[in-house]
Amino acid sequence: MKAGIVGLPNVGKSTLFNALTSSKQAQAANYPFCTIEPNEGIVPVPDPRLGRITKYIVPQKIIPSTLTLVDIAGIVKGASEGEGLGNKFLSHIREVDAILQVVRCFSDPDVVHVAGKVDPMADIETIEIELMLADVQSLENALPKAERAAKGGDKEAKDRAEAARKCLDHLLKESKPLRTLRLEDHEAKAIHSFGLMTAKKILYVVNVDENDLYGKGPQAMRVREHAGKVGAGVVPVCAKLEAEIAELDEGDRAEMLVSSGIAEPSLAVLARETYRVLGYQSYFTAGEKEVRAWPIPVGATAPQAAGVIHTDFEKGFIRAEIYSLEDLEQHKNERDIRSAGKLRTVGRDYVMQDGDICHFLFN
């Protein structure tokens with residue numbers, strides 16, 4: 001699962017990507033389209049529960065979950081018609097599973113805004129319109145083929161044609177992105193291969209000034225109000241400050257956080273929120289060798305969770321032994337958890353809960 005960092009040129013996408021991935025992989029410059037090809041990076045997901053577990057089970061290694069981020073070139077007005085290499089850049093968005101839209105809410109005369117002024121709501125509208133227009137083109141191109149196949153009795157093609165018509169009506173008549181349209185599971189599956197961009201979940205990343213780290217200024221509040229209306233999340237980040245923090249060693253980083261008045265880097269909050277938007281949660285395995293967080297989709301069963309470690313674990317799954325972090329903090333070790341009757345044995349139908357600590361037994 002991948003999340004794509006999307007936005008207009010010069011809003012701080014590449015600076016943010018570099019800070020998140022602790023790299024200089026993406027070129028960040030004060031001119032549009034300094035990024036052409038997408039940059040891809042693996043980002044750890046900070047999880048305070050790992051530290052709580054290791055107070056009682058001391059491992060050789062601590063391994064957090066990770067997610068994949070893609071830094072995508074800036075989208076401009078007219079992108080759906082090819083403006084600014086738009087067709088190429090839009091194809092990169094089709095390949096990700098969720099969108100992190102970076103919205104500029106900072107003022108800096110040295111950083112050019114492509115529209116000539118900072119207006120976060122205009123930026124959001126530009127991106128949304130371009131993605132909707134591109135989705136309309138995709139559906140109009142795919143629909144005739146699906147309809148022809150449906151006439152021949154192809155059940156999947158019939159579902160595809162019906163879902164495509166439903167999506168087109170929503171885009172053209174309601175003028176709303178497809179994430180606001182409720183599709184049945186079989187309908188969503190039928191058109192999954194289309195890579196419809198406005199059907200993807202979205203998270204707004206508000207790139208703020210250093211004097212508005214919590215995103216409470218008037219520009220950021222306009223984005224928060226919009227996000228509340230459309231059911232999206234918002235994470236305020238000062239990409240410039242976060243890039244500086246990311247380059248420091250642990251001691252200097254802690255000192256800078258204190259001087260800035262923030263408890264942890266905003267990038268940690270962003271990584272966790274991105275993880276949630278992608279539909280993931282974590283379970284843990286804990287032993288002397290390692291304490292590790294494993295990413296699984298919300299709703300995954302115990303065998304599916306075991307399969308994340310190794311496919312053989314899912315194939316030969318027998319049962320799992322599970323306890324909670326609260327059980328560990330109360331009883332201090334697994335032996336006493338078992339003695340207290342808090343170690344649960346679950347079978348193939350068990351739906352994993354966020355934060356489960358597991359042992360898997362398999363054939």
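Before reading further, recall that the structure is shown in the block above.
Since we're looking at a predicted model, the values are computed, not measured.

**A look at the sheet that holds strand β4 (residues 66-71)**
Piece 1. The strand order across the open sheet formed by 6 strands is β2-β4-β1-β5-β6-β7, and the pairing between neighbours is mixed. Two strands in the sheet have a free side with no partner beyond their single neighbour: β2 (39-44) and β7 (233-237). For this sheet, the mean angle separating the axes of adjacent strands, direction not counted, is 25 degrees.
Piece 2. Looking at chain direction, β2 and β4 are connected through 6 bridges and run antiparallel.

**Brief notes about the environment of I75**
Piece 1. Its place among the elements puts I75 in the loop between β4 and α3 (86-94).
Piece 2. I75 sits in the buried class, given a relative accessible area of 1%.
Piece 3. Expressed as a C-alpha distance, the spacing of I75 and L131, which sit 56 residues apart in the sequence, is 9.4 Å.

**Here we look at the packing of helix α1 (residues 13-21) against helix α8 (residues 239-246)**
Piece 1. As a packed pair, α1 and α8 sit with axes 9 Å apart at the nearest point and diverge in direction by 30 degrees. Classified by the interaxial angle, the pair formed by α1 and α8 is roughly parallel. Between α1 and α8 lies a crossing whose hand is left-handed. Two secondary-structure elements touch here, α1 through T15, L16 and A19 and α8 through A239, K240, E242, A243 and A246.
Piece 2. In terms of residue class, the contact of α1 with α8 is built from 5 nonpolar, 1 polar and 2 charged.

**Things to note about the packing of aromatic side chains**
Piece 1. The full count for this structure, using the stated rule, is 4 aromatic pairs.
Piece 2. An aromatic cluster is defined as three or more aromatic residues linked by ring pairs; in this entry it consists of Y283, F317 and F360.
Piece 3. Positioned above the aromatic ring of F106, the side-chain terminus of R104 is 4.3 Å from the ring centre.
Piece 4. Lying over the aromatic face of W294, R292 brings its terminal NZ or CZ to 4.0 Å of the ring centre.

**Focus on the nonpolar core**
A general tendency of soluble globular proteins is for nonpolar side chains to be buried together.
Piece 1. If you look at the biggest cluster of nonpolar residues, it comprises 55 residues, and the most contacted ones within it are L16, L20, L69, I93, Y204 and L270.
Piece 2. Apart from residues lying up to four places away in sequence, L270 is in contact with L16, L20, L203, V205, V235 and V237.

**Regarding the pairing of strand β1 (residues 2-6)**
Piece 1. Within β1, 4 of the 5 residues are buried, which leaves the element mostly enclosed by the surrounding structure.
Piece 2. With 4 bridges connecting them, β1 and β4 associate as parallel partners. Within β4, the residue paired with A3 across the bridge is L69.
Piece 3. Inspection of the sheet shows β1 paired to strand β5 (residues 98-104) by 4 bridges, in the parallel sense.

**A look at the environment of S107**
Piece 1. Inspection of the secondary structure assignment puts S107 in the loop between β5 and α4 (120-151).
Piece 2. On the basis of relative accessibility, which here comes to 58%, the residue S107 falls in the exposed class.
Piece 3. Sequence separation between S107 and L143 is 36 residues; the distance between their C-alpha atoms is 44 Å.

What counts and how
- Residues numbered from 1 in each chain as written.
- Predicted model: local features only at pLDDT ≥ 70, side-chain atom pairs only at ≥ 80, totals over all residues.
- Heavy atoms only, no water.
- Pairing = 2+ DSSP bridges.
- Helix = DSSP H or I, 4+ residues; strand = E, 2+ residues; numbered from the N terminus.
- Axes fitted to C-alpha atoms, helices over the stretch in contact; angles between N-to-C directions.
- Buried < 20%, exposed > 50% of the residue type's maximum accessible area, 1.4 Å probe, protein only.
- Parallel < 35°, antiparallel > 145°, perpendicular 65-115°, else oblique.
- Left-handed = near helix turned anticlockwise from the far one by under 90°.
- Contact = heavy atoms within 4.5 Å.
- Nonpolar A, V, L, I, M, F, W, Y, C, P; charged D, E, K, R; others polar.
- Phe/Tyr/Trp six-rings, centres within 6.5 Å; stacked < 30°, edge-to-face > 60°.
- Lys NZ or Arg CZ within 6 Å of the ring centre and 35° of its normal.
- Core = buried A, V, L, I, M, F, W, Y, C linked by side-chain atoms within 4.5 Å.

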